[in-house]
Each structure stands twice: as C-alpha cells, then as structure tokens.
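This is what each chain is made of:
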Amino acid sequence: MVDRVYNFSPGPATLPGEVLQQASKDVVNFKETGIGLIEMSHRSKEFIAVTEGAEQLLRELMDIPDNYKVLFLQGGASSQFYMIPMNLLGKGKKATYLNTGAWSKKAIKEAKLFGDIDVAYSSEEQVFNRVPKDSEYSVADDSEYLYFVSNNTIYGTQFPEFPDTEKMLISDMSSDILSRKIDVSKFGIIFAGAQKNMGPAGVTIVIIRDDLLEKTPENTPTMLCYKTHSDKGSMFNTPPCFAIYGVGEVLKWLKKQGGVAAMEAINKEKAGILYDCIDSGEYYRGHAEKDSRSLMNIPFNLPTPELEAQFITEAEAIGLNGLKGHRSIGGCRASIYNAFPKEGVVKLVAFMKEFEAANQA
Ligand SMILES: *Cc1c(COP(=O)(O)O)cnc(C)c1O
C-alpha cells in the first residue's frame, strides 16, 4: 500500500484504502475477464451484477422497504434540487423547505421555478450555525412535502432527530447517508451524491417511494422523469459505471465494518474526540451550536486568520490534509466521514494541542 496521508477533504472524500486497491485492479482487468471495468458494456452480465449487487447491499444496509426504488443517476446531488420539484410540484402546488445552509438555499431557488415554496425556517442570519427544533416552524397542511438537508456540509450542523411530522419528508443526505441508522419509511425521497460518504464522484443515489413515480407532469423531459430511470433499472442510458462500481465496493467495506449501526458508534466516538478538544479551552471555537453539531463535518476557528493559515500549513506538513474551511466561513474544517480513520482524528487532536501550546495569540 502506498503511504497515505489523512485526508480531511469535504468531498470527494477519503475512501477505504482496500477499496482503492481493489478498484485499481478491476479497472485494468475486471474479475479476470480480460476487460477493464471502465471499458466494459453496461449491459454485460458482469456489469449488471455490479449494479444489482450495489443496490441489494444498499437495501440491506439501510433497511429500505420494498415499496421504494433505488436509482443511480447523474447530474450530481444538485440536479435533484430541480428534479424533485419538477416531478412532484406544478402550478398551484406547495412545498415547505427549511433553510439551513448553502445547499438548502440552492434547492429552494430551484424549487421556486416549479411551485409555491414556503421557507418555514432559516438560520441564515446566524451564518447557519444551527438547525431548528420542530417547535420553531410549522408545515402548511396543503404542502406536498417537507424538504431539509440532514447534514450541512459547509457549516457543520446536522439534524440530531428528523422532523417529527405526518408530512412526507424529502432529504438531501449527501454528506451523512449511511452514517447513522434512519427510518426510510418516513421519507418520500432520500438522495445523496456519492462523493462524500459513499464512493467516487459521478453518481447520485435516489431512494424514492414508488407511488411518487406516477406524479410527474406530462410535459416533463424523459431524462428528468424518475419513472424513466426506475422502469429501466437505471439503464435508460449509459450509467456512470465506475462510480456505481465504487459505491458497491464501499458498501461491501461498510458491511465488513459491522454495518450502519457500528459505523454510527464509531462516528460518535470520532467526532467526540475532536469536539472534546474544541471544548477544552478558548483557543479553538466550533462554528455550530452544540445541539446542532455534525458528526461528519467539524468547522472550527483559531484566534486569528493568520494562525489559521499557519495551522493549515503545519498540519499539511505532517500529513493532515484538506483542513481548510469553506470559503464562505473561512477557518478550518475537518470532514470525518465513515471511511475516515479514528487514528487520523487522534493525530489531529494531538497536533491541535501542540499548536496551541506553541502559538498563543
Ligand atoms: C456536496 C453537496 C451537494 C452537491 O453535490 P453535487 O453532487 O456536487 O451536486 C449537495 N448537497 C449537500 C448536502 C452536499 O454536501
């Protein structure tokens, strides 16, 4: 195995080393077929088995009920921002959105093109440092769905519990899918770009309740109807073969780690180590309010921007990469998704303590 640094990148994000090793072999010669994975027909029996295997494992790991379809789509999670309202709304139809960060803001902008959008909550004035409790907003009876981003990648906030409502939920889980146990049956649609917590960039997973496939307005372009992709097993056109394969390999790895419940316990432990360090003094300041904290992305500040720049440079020199915060809030951010090893968090915390001792403001 090559020397690996600890990669705190928010996405594309670190993948399990064994997945990368396996992929490097399969790309050249897939399962001794003499054909490389990325030059193989998507309609070959070998590749169909890859797609079906990935879907089966996802169903097993997330306990997805039978009345849900799993789709492998392109266009990134961002394309779901318009596909959802395009398929589910229309003239006179309403939906409720919670504005908890840059990704919900973008989704709201697109949704307004297709329906009457009620933004029932926003933490924008507080630079998105929290997510709401149920008591802080209400959902109109005539709303088709309640949309929220379960983990706000940039601001490091996460819904500790999902909204408790009879309304159908739709969630962008791009940065925390498979990180904790969830009840899929509360959702109409769950979607996630693979490149944060699930695999390489290029595929977006959409888990959709099957009755919703029939709601699409008639004048919707074929490629943008969920039903098109559902009817053809995500093979209406050429799918993103390598990315689907990558997701399948990550899911195999995840199952070996003990599945989602085991992952959730490890994620709590990893994030706890870092939050304990942040909370141990005044030097490091977390961006998110405590009861909204994310287990996946942890943005924090040092006393000055100069110290932050020095911190990032020195961290990189000892193999702690990708700690620069998003340009919208600056500072540092540690993204510690499922595949990020605990040893990397321990090493970061040791470095944080040393840095603080050596560099008082
Ligand atoms: C990264 C991210 C997106 C955008 O994903 P793309 O696949 O690049 O379109 C959307 N939502 C969340 C929560 C993200 O973290």
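Residues numbered from 1 in each chain as written. Predicted model: local features only at pLDDT ≥ 70, side-chain atom pairs only at ≥ 80, totals over all residues. Heavy atoms only, no water.

## Observations concerning the sheet that holds strand β14 (residues 332-335)
Counted only if it meets this: Here the rule is simple: two strands pair whenever DSSP picks up at least two bridges between them. Strands are runs of DSSP state E lasting at least two residues, helices are runs of H or I lasting at least four, and both sets are numbered from the N terminus onward.
Pairing is antiparallel across the open sheet formed by 3 strands, whose spatial order is β11-β12-β14. The sheet terminates laterally at β11 (285-286) and β14, the two strands that pair on one side only. Across 2 bridges, β11 lies against strand β12 (residues 297-301) in antiparallel orientation. Across the sheet, residue arginine 285 finds its bridge partner in β12, namely asparagine 301.

## Description of the environment of proline 299
Our working rule: Each residue is assigned to one of three classes by its accessible area relative to the maximum for its type, calculated with a 1.4 Å probe on protein chains only: buried under 20%, partly exposed between the two thresholds, exposed over 50%.
Mapping proline 299 onto the fold places it in strand β12. Residue proline 299 is classed as buried on the basis of its relative accessible area of 5%. Expressed as a C-alpha distance, the spacing of proline 299 and alanine 194, which sit 105 residues apart in the sequence, is 21 Å.

## Some details on the packing of helix α2 (residues 45-62) against helix α6 (residues 241-256)
The criterion, for reference: With axes taken as lines fitted to C-alpha atoms, and helix axes fitted only over the stretch in contact, angles between N-to-C directions fall between 0 and 180 degrees. Any angle from 65 to 115 degrees is called roughly perpendicular, while one under 35 is roughly parallel, one over 145 is roughly antiparallel, and all others are oblique. Here a crossing is taken to be left-handed if its near helix is turned anticlockwise relative to the far helix by less than a right angle, and right-handed if that turn runs clockwise. Contacts are assigned to residue pairs with any non-hydrogen atoms lying within 4.5 Å of each other. Each residue is assigned to one class: nonpolar for Ala, Val, Leu, Ile, Met, Phe, Trp, Tyr, Cys and Pro, charged for Asp, Glu, Lys and Arg, and polar for all the others, Gly among them.
Packing of α2 against α6 brings their axes to within 9 Å, and their N-to-C directions diverge by 40 degrees. Between α2 and α6, the interaxial angle falls into the category oblique. Judged by the sense of rotation from one axis to the other, the crossing of α2 with α6 is left-handed. Contacts between α2 and α6 involve Phe47, Val50, Thr51, Ala54, Leu57, Leu58, Glu60 and Leu61 on the former and, on the latter, Cys241, Ile244, Tyr245, Gly248, Leu251, Lys252, Leu254 and Lys255. Here the residues of the contact of α2 with α6 sort into 11 nonpolar, 2 polar and 3 charged.

## So, helix α1 (residues 17-28)
The α-helix winds at 3.6 residues per turn, so residues separated by three or four positions along the chain end up facing the same way. Defined as follows: Each helix should span, by expectation, one fewer than its residue count multiplied by 1.5 Å. Here the arc refers to the set of directions running from the helix axis out to each C-beta atom.
Over its 12 residues, α1 runs 18 Å from end to end, which matches the ideal 16 Å to within 8%, given 1.5 Å per residue. Every buried residue belonging to α1 is among Val19, Ala23 and Asp26, and all of these are buried. All buried residues of α1 fall inside an arc of 70 degrees around its axis, so they share one side. Opposite the buried face of α1, by more than 90 degrees, sit the exposed residues Lys25 and Val28. If you follow the buried residues of α1, they end up packed against α6.

## A few points about the domain arrangement of the protein
Heads up, the rule is: The split into domains, and so the bounds of each, comes from an automatic or database assignment of domains. As a working definition, buried area equals the accessible area (1.4 Å probe) given up by two parts on being put together, with both sides summed. We define a salt bridge as a contact between a side-chain nitrogen of Lys or Arg and a carboxyl oxygen of Asp or Glu at a distance within 4 Å.
Annotation of the protein at the domain level lists domain 1 (18-256) and domain 2 (259-358). Measuring from the centre of the C-alpha atoms in domain 1 to the corresponding centre in domain 2 gives 27 Å. Counting residues at the interface gives 28 residues for domain 1, matched by 25 residues for domain 2. Across the domain 1/domain 2 interface, buried area totals approximately 2200 Å², and carbon plus sulfur atoms make up 53% of it. Taken together, domain 1 and domain 2 are joined by 2 salt bridges. Between lysine 133 and aspartate 291 there is a salt bridge, and its shortest N-O distance comes to 3.0 Å.

## A few points about the pattern of salt bridges
The tally for this structure, following the rule as stated, stands at 17 salt bridges. Two residues, glutamate 60 and lysine 255, come together in a salt bridge whose shortest N-O distance is 2.9 Å. In this pair, glutamate 60 is assigned in helix α2 and lysine 255 in helix α6, connecting sequence segments 195 residues apart. Residue glutamate 289 pairs with arginine 130 through a salt bridge whose shortest N-O separation is 3.2 Å. In this pair, glutamate 289 sits in the loop between β11 and β12 while arginine 130 sits in the loop between β4 (116-122) and β5 (143-149), placing the two residues 159 residues apart along the sequence. On the basis of relative accessible area, glutamate 289 is assigned to the partly exposed category, the value being 31%. Its relative accessible area of 12% is what places arginine 130 among the buried residues.

## Remarks on the site of the ligand
This is how it is decided: Nearness here has a simple test: a residue counts as near a molecule or strand if at least one of its heavy atoms is within 4 Å of that partner. Pairing of N or O atoms within 3.5 Å defines a polar contact, subject to two protein rules: one partner must be a possible hydrogen donor and the other a possible acceptor, and residues neighboring in sequence count only if both atoms are side-chain atoms. Surface exposure here means Shrake-Rupley accessible area, sampled with a 1.4 Å probe, where a residue is shielded only by the protein chains that are shown.
Near the ligand, the surroundings consist of Gly76, Ala77, Ser78, Phe81, Trp103, Val149, Asn151, Thr153, Asp172, Ser174, Gln195 and Lys196. Interatomic distance of 2.5 Å between a side-chain N/O atom of threonine 153 and an oxygen atom of the ligand. The side chain of aspartate 172 places a nitrogen or oxygen atom 2.6 Å from a nitrogen atom of the ligand. Here the ligand has 390 Å² of accessible area as a free molecule, and 86% of this is covered by the chains. The greatest single-element share of the shell around the ligand, amounting to 4 residues, is contributed by helix α3 (residues 76-88). Its residues placed into classes, the shell around the ligand shows 4 nonpolar, 6 polar and 2 charged.

## As for unusual backbone geometry
Omega for the bond connecting glycine 11 with proline 12 falls within 30 degrees of zero, at -5 degrees, which places this linkage in the cis form. By the element assignment, proline 12 lies in the loop between β1 (6-7) and α1. Despite not being glycine, phenylalanine 128 has its phi angle at roughly 50 degrees, a positive value. By relative accessible area, which is 4% here, phenylalanine 128 ends up buried. At serine 234, a residue that is not glycine, the phi angle is positive and equals roughly 60 degrees. Tracing the backbone shows serine 234 in the loop between α5 (226-231) and α6.

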